[in-house]
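# A closer look at the structure
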Amino acid sequence: MSEESWHSARLIPTSGISGAEEQERRATSALLAVLMAVKEFHRTLLAPFGAPSGSIESFIEVPFKLGERDYRPDGLIRVKRGSKTWTALVEVKTGKNDLAAPQLEAYLDIARGEGFDALITISNEIPANPMLHPTAGIDKRKLKRVQLHHLSWSHVLSQAVMQKEHRGVADPDQAWILGELIRYLEHPKSGALDFDDMGADWVTLREAVAAGTLRATDSTIAGVTSRFDAMLRYAALHLGRRLGAEVTHQLNRKESADPSLRAARLKTELVGNGSLTGLIRLPGTVGDIQVTADLRSSKVTCQVDLESPKTGRPATRINWLVRQLKDAPASLRVEAFVANQRGQGASELLGVVREDPNVLILDPSKDLRGFRVASATNMGAKRGRGRGGFIDSVIEAVDDFYLQVLQQLKPWAAAPPKLRDEPDLPSDVRPSLVSTALSSQDEPQVEGAAVREPAHDDTEAEVLDSEDVSASVRESHHVPSDSFSSTQAAGDAPQGTDVTVHALGGAERADQPPGYSQPPVPFPGRPGLNDDDDPHLQADA
């Protein structure tokens, strides 16, 4: 018998699941058991809810009594660290089953009565805003002492994959256990479904936009805009699972604090120009991916804005971008922005820009500040998944744009300053002739430039012009030009005597032994002193 037909034993089997109740019980038991076994995973999943890093216990279908009724929440988690204990009830839904507000309110009352910290719900519902719970109508007064948190199965699966494949698990056995949970949740029978439906109002709203009959009062807008944000969150989870990074659906501070502002903005865009827009943020990239679904043109556009280099000519800055997109499709649209620009900038297809970068330069005198790179693909029309579905068309557009464009782009960085070489002092210049020390302001010696070579050597004294000598002596003694002349330096020398006058005022006679030097020329008497009062002259005498 061939072994190819044999089935490997699984830690969490999917066989025997006969209905929704059995599906929920098995999914709850599998998840809570793995949380106890893999400490890295339970820290990743529970730390955002305030659970400490300690020993964990989990239970399923714990009975409680509230008034005259009996309740059995799907699970209970208890984490202990020292004297601190954190406890949370768990309610799980699988498949297309949604959470119910009355049941959650009853569990909140039980948690408050027992002194528990939180209620965690898990289902396939993905809220439009991570700060919101997908179940509407819950009495907020019950949340004063007990926190309410929600996890989608897509989020649980993404965190499990990232922990095992990217962050890592220290113990090999624990890593294998986490892999078995991933294998189970990825099976269709587990009930942990992906985001697969834009809602019943999608087709009606899309047709109204195409016909130009959509109004701000239409009831179909709220459901579609909410699911559009949920789809972007799922697209971020899907991409983050592949990259091993925290990819998020980005909202500004006001929209995060007040979800009604986000809903109002999407409504205005949808009614005004028939489009839906959102941002996806990836760590370490030049910018966020802006995703726009244009329901009028049936196009999905992904684009990113980035700053241009701050140095170089405009054509040089454009070539900097083109070089990074050497393997990108020629159908990409590239737009250039200049300083103080109003409206749209110069734009052209990447294939054209590769041939002639100047097509993006409308005014060479204006400073080029940034670029926009955009990719447009066909949008699916169906509300569900699969070929021709809207959800898959958006997810594929985001994944391809990251792979072909965003992953290749790097931000511009200025070149580091270069250390200037210090000029060397020529070796053939006597130190006595150097009037200044070496300075950073000295220009480096140009190779091949003419250099005046001194005429002296070890045996022959340098003969200087009498005018140069007198100027040198006057400068060294701060003597006015009319009070000292070169004739004074050798006035007493006999006629015909070979006299060499140095810059320091000494004289060497030819009739004296080698090395004899006449004493320096006396400094003129200071005002108010005669020769008898000058201590220097008295010392010489």
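So, here's what we can say about the structure. (Residues numbered from 1 in each chain as written. Predicted model: local features only at pLDDT ≥ 70, side-chain atom pairs only at ≥ 80, totals over all residues. Heavy atoms only, no water.)

### Some remarks on the overall build of the protein chain
- Looking only at helices and strands, the protein chain has 15 helices and 16 strands in total.
- Sequence-distant contacts, at least 24 apart, represent 63% of the contacts inside the protein chain between residues at least 6 apart.
- Roughly 31700 Å² of accessible area belongs to the protein chain as shown, and the carbon and sulfur atoms make up 49% of that amount. (Helix = DSSP H or I, 4+ residues; strand = E, 2+ residues; numbered from the N terminus. Contact = heavy atoms within 4.5 Å. Areas by Shrake-Rupley, 256 points an atom, 1.4 Å probe, with all protein chains shown as cover.)

### Focus: the sheet that holds strand β11 (residues 299–307)
- The strand order across the open sheet built from 7 strands is β8-β9-β10-β11-β14-β12-β13, with neighbouring strands paired in antiparallel fashion. Because the sheet does not close on itself, it has two edges, and the strands there are β8 (248–250) and β13 (346–349). The sheet shows a mean angle of 25° between the axes of neighbouring strands, taken without regard to direction.
- Of the strand pairs in this sheet, strand β12 (residues 333–338) and β13 are connected by 4 bridges, and their pairing is antiparallel. Across the sheet, valine 334 pairs through a bridge with glutamate 348, a residue of β13.
- Across the face of the sheet, helix α7 (residues 220–243) comes into contact with β8, β9 (275–281) and β10 (289–294) while running at roughly 30° to β9.
- Set on the sheet, helix α9 (residues 259–273) makes contact with β8, β9 and β10; between it and β9 the angle comes to about 135°. (Pairing = 2+ DSSP bridges. Axes fitted to C-alpha atoms, helices over the stretch in contact; angles between N-to-C directions.)

### Side note on the nonpolar core
- Counting residues in each nonpolar core, the largest one holds 63 residues, and the members touching the most others are Met231, Ile280, Ile289, Val291, Leu321 and Phe390.
- Counting residues per element, this core draws most heavily on α7, at 10 residues.
- Other than its neighbours up to four places away in sequence, isoleucine 280 contacts Leu232, Ala235, Ala236, Val247, Thr248, Asp288, Ile289, Val291 and Val398.
- Counting 38 residues, the second-largest nonpolar core is a separate cluster that includes Ala51, Trp86, Ile122 and Val156. (Core = buried A, V, L, I, M, F, W, Y, C linked by side-chain atoms within 4.5 Å. Buried < 20%, exposed > 50% of the residue type's maximum accessible area, 1.4 Å probe, protein only.)

### Section: the pattern of salt bridges
- One pass over the full model with this rule turns up 26 salt bridges.
- Note that aspartate 109 is salt-bridged to lysine 142, the shortest N-O span being 3.1 Å. Of this pair, aspartate 109 sits in helix α3 (residues 101–114) while lysine 142 is found in the loop between β6 (118–123) and β7 (147–152), placing the two residues 33 residues apart along the sequence. Lysine 142 carries the same exposure label as aspartate 109, and that label is buried.
- A salt bridge links arginine 372 to aspartate 305; its shortest N-O distance comes to 2.7 Å. On the criterion of sequence distance, the pair formed by arginine 372 in strand β14 (residues 368–378) and aspartate 305 in strand β11 is long-range, its members being 67 residues apart. (Salt bridge = Lys/Arg side-chain N within 4 Å of Asp/Glu carboxyl O.)

### A closer look at the environment of arginine 43
- If you trace the backbone, arginine 43 turns up in helix α2 (residues 39–46).
- Expressed as a C-alpha distance, the spacing of arginine 43 and isoleucine 56, which sit 13 residues apart in the sequence, is 10.0 Å.
- Sequence-distant contacts of arginine 43, defined by excluding residues within four places in its chain, comprise Pro48 and Ser53.

### Structural notes on helix α4 (residues 153–167)
- If you check α4, its first and last C-alpha atoms are 20 Å apart, about what 15 residues at 1.5 Å a residue would give, namely 21 Å.
- Listed in full, the buried residues belonging to α4 are Trp153, Ser154, Val156, Leu157, Ser158, Gln159, Ala160, Val161, Met162 and Gln163. (Expected span 1.5 Å × (residues − 1).)

### Quick notes on the sheet that holds strand β1 (residues 55–60)
- Read from one edge to the other, the open sheet built from 5 strands follows the order β1-β4-β5-β6-β7, with strand pairing classed as mixed. Both edges of this open sheet fall to β1 and β7, since each of them pairs with a single strand only. Taking the axes of each pair of neighbouring strands and ignoring which way they run, one obtains an average angle of 20° across the sheet.
- Pairing analysis gives 6 bridges linking β1 to strand β4 (residues 75–81), with the strands arranged antiparallel. Bridge pairing in β4 links serine 58 to isoleucine 77.
- With respect to the sheet, α3 is in contact with β5 (84–92) and β6, its orientation differing from that of β5 by roughly 160°.

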